[in-house]
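Secondary and tertiary structure notes
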Amino acid sequence: MANIKITILSDKLQGTSYVLTNDSYTVGRSDTADICIPEPTISGHHCTFIKNEDGLYFLKDEGSTNGTRVNGEKLAETDEPVLLNNGDLLQFGNIEVLFENTEGHKSEGSRTMTVINLDDTGDVSHTSNLKSLGIAKTPKRPQSLRDNKKQNAVFMVIIILLILGILGAIGYFVVPMFSGN
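Here is a short report on the structure shown in this document.

What counts as what
- Residues numbered from 1 in each chain as written.
- Predicted model: local features only at pLDDT ≥ 70, side-chain atom pairs only at ≥ 80, totals over all residues.
- Heavy atoms only, no water.
- Buried < 20%, exposed > 50% of the residue type's maximum accessible area, 1.4 Å probe, protein only.
- Helix = DSSP H or I, 4+ residues; strand = E, 2+ residues; numbered from the N terminus.
- Pairing = 2+ DSSP bridges.
- Phe/Tyr/Trp six-rings, centres within 6.5 Å; stacked < 30°, edge-to-face > 60°.

This part covers the pairing of strand β6 (residues 57–61). Most of β6 sits inside the fold, with four of its five residues counted as buried. Pairing of strand β5 (residues 47–51) with β6 involves five bridges; the strand directions are antiparallel. Looking at β6, one finds that Lys-51 is bridged to Tyr-57. Turn length for the β5-β6 hairpin, with the two strands adjacent in sequence and antiparallel, is five residues, and the turn residue Gly-55 shows positive phi of about 85°. Here β6 pairs with strand β9 (residues 82–83) via two bridges, running antiparallel.

As a further point, take the packing of aromatic side chains. All chains considered together, the criterion is met by two aromatic pairs. Where Phe-49 meets Phe-92, the ring centres are 6.2 Å apart and the plane angle is 80°; that geometry is what we call edge-to-face. Within this pair, whereas Phe-49 is found in strand β5, its partner Phe-92 is found in strand β10 (residues 89–92), the two being separated by 43 residues in sequence. For the pair Phe-49 and Phe-92, one class covers both residues: buried. With centroids separated by 5.0 Å and ring planes inclined at 90°, the aromatic side chains of Tyr-172 and Phe-173 adopt a geometry described as edge-to-face. As far as burial versus exposure is concerned, Tyr-172 and Phe-173 are alike and both exposed.

Printed below as a string of structure tokens:
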């Protein structure tokens, strides 16, 4: 019975799992990938899972455009494959994935929180709290109007234009009535 799997944690595909039993798996957007994830930030052939003779899985980036990360560390195509441990958080483009290996290979420690920075993909950062096998995301605090300087400047310009319009209308209609013209 296989106890090694990956589970997608990202919103659209959250909860989708793939059991790993073969010696290798390609991951990518292409239909020819062993694990096809139809997401624009994933390359056609993004990365590969590789199982060694001891039954341990490694991950190798295959020159992906938006990168492959293991626990926040970006892999390069030229890097050696990275050993995966139970509870490792993987990232393919913008997709977060949890690696689970419950076949007796223990992880180095438990991870309860991770911050993934997507600087290379041009996306924003977000924080995830891992609880057991599920995930709870910290809601993003909406930005108030007073915190946004650009919106404040636009708002002030609109107010000034309205005041000038009202003063102009008063000057155009009211002043001639009192001047006797």
